[in-house]
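Structure at a glance
Below, each chain spelled out in residue letters.
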Amino acid sequence: MNIATDLRFALRSLRSRFGLTLFAAASLAVGLAAAIAIYCVIDAVMLRSLPYPDADRLVQIRELSNEGHAMNVAGPNYSDLAAGIDEFEAMAG
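Source: prediction; values computed, not measured.

Attention now moves to the overall build of the protein. When you go through the protein residue by residue, the secondary structure sums to 3 helices and 2 strands. On C-alpha atoms alone, the protein measures out to a radius of gyration of 28 Å, which is more than a quarter above the 12 Å that the 2.2 N^0.38 rule sets for 93 residues. Summarising its shape, the C-alpha atoms of the protein cover approximately 80 × 35 × 20 Å along the three principal directions. Taken over 93 residues, the protein has a buried fraction of 4%. Expressed as a percentage of contacts within the protein between residues at least 6 apart in sequence, the contacts between residues at least 24 apart total 13%. Surface exposure of the protein reaches about 8,500 Å², of which carbon and sulfur atoms provide 64%. Separation between the mean location of the 7 positive side-chain charges and that of the 10 negative ones in the protein comes to 36 Å.

Have a look at this one:
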């Protein structure tokens, strides 16, 4: 068998089961759209560097609650940190 015969047979089979063909095409389209959307989010969030100079030198300071959960630094604690730590070039809250 040659390729032209195979293609004619495939098209004839797809035409005879049009509903199944439509369902398969729609499933592929939804799957591809979901994969592309997930890739775009991962690319924007995890793969690209931050739009700041020396972005690899940025740090985030968090506090731990009594239960061990990370939370934002409280205002008075931030003031104490900003006044007492000289190792950071700048701090923002």
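Continuing now.
This model, assessed by the stated rule, comprises 1 salt bridge. Residue aspartate 43 is joined to arginine 48 by a salt bridge in which the shortest nitrogen-to-oxygen separation is 3.0 Å. Taking the relative accessible area as the measure of exposure, arginine 48 reaches 55% and is therefore exposed.

Let us look at a nonpolar patch on the surface. Nonpolar side chains collect at one region of the surface, where Ile38, Tyr39, Val41, Ile42, Val45, Met46 and Leu47 lie side by side and expose about 760 Å² of accessible area between them. Relative to the helices and strands, valine 45 resides in helix 2 (residues 18-47). For valine 45, a relative accessible area of 63% puts it in the exposed group.

What counts as what
Residues numbered from 1 in each chain as written. Predicted model: local features only at pLDDT ≥ 70, side-chain atom pairs only at ≥ 80, totals over all residues. Heavy atoms only, no water. Helix = DSSP H or I, 4+ residues; strand = E, 2+ residues; numbered from the N terminus. Rg over C-alpha atoms; globule rule 2.2 N^0.38 Å. Buried < 20%, exposed > 50% of the residue type's maximum accessible area, 1.4 Å probe, protein only. Contact = heavy atoms within 4.5 Å. Areas by Shrake-Rupley, 256 points an atom, 1.4 Å probe, with all protein chains shown as cover. Lys, Arg positive; Asp, Glu negative; His and termini not counted. Charge placed at Lys NZ, Arg CZ, Asp CG, Glu CD. Salt bridge = Lys/Arg side-chain N within 4 Å of Asp/Glu carboxyl O. Patch = residues over 30% accessible without salt bridge, like charges linked within 9 Å, V, L, I, M, F, W, Y side chains within 5 Å.

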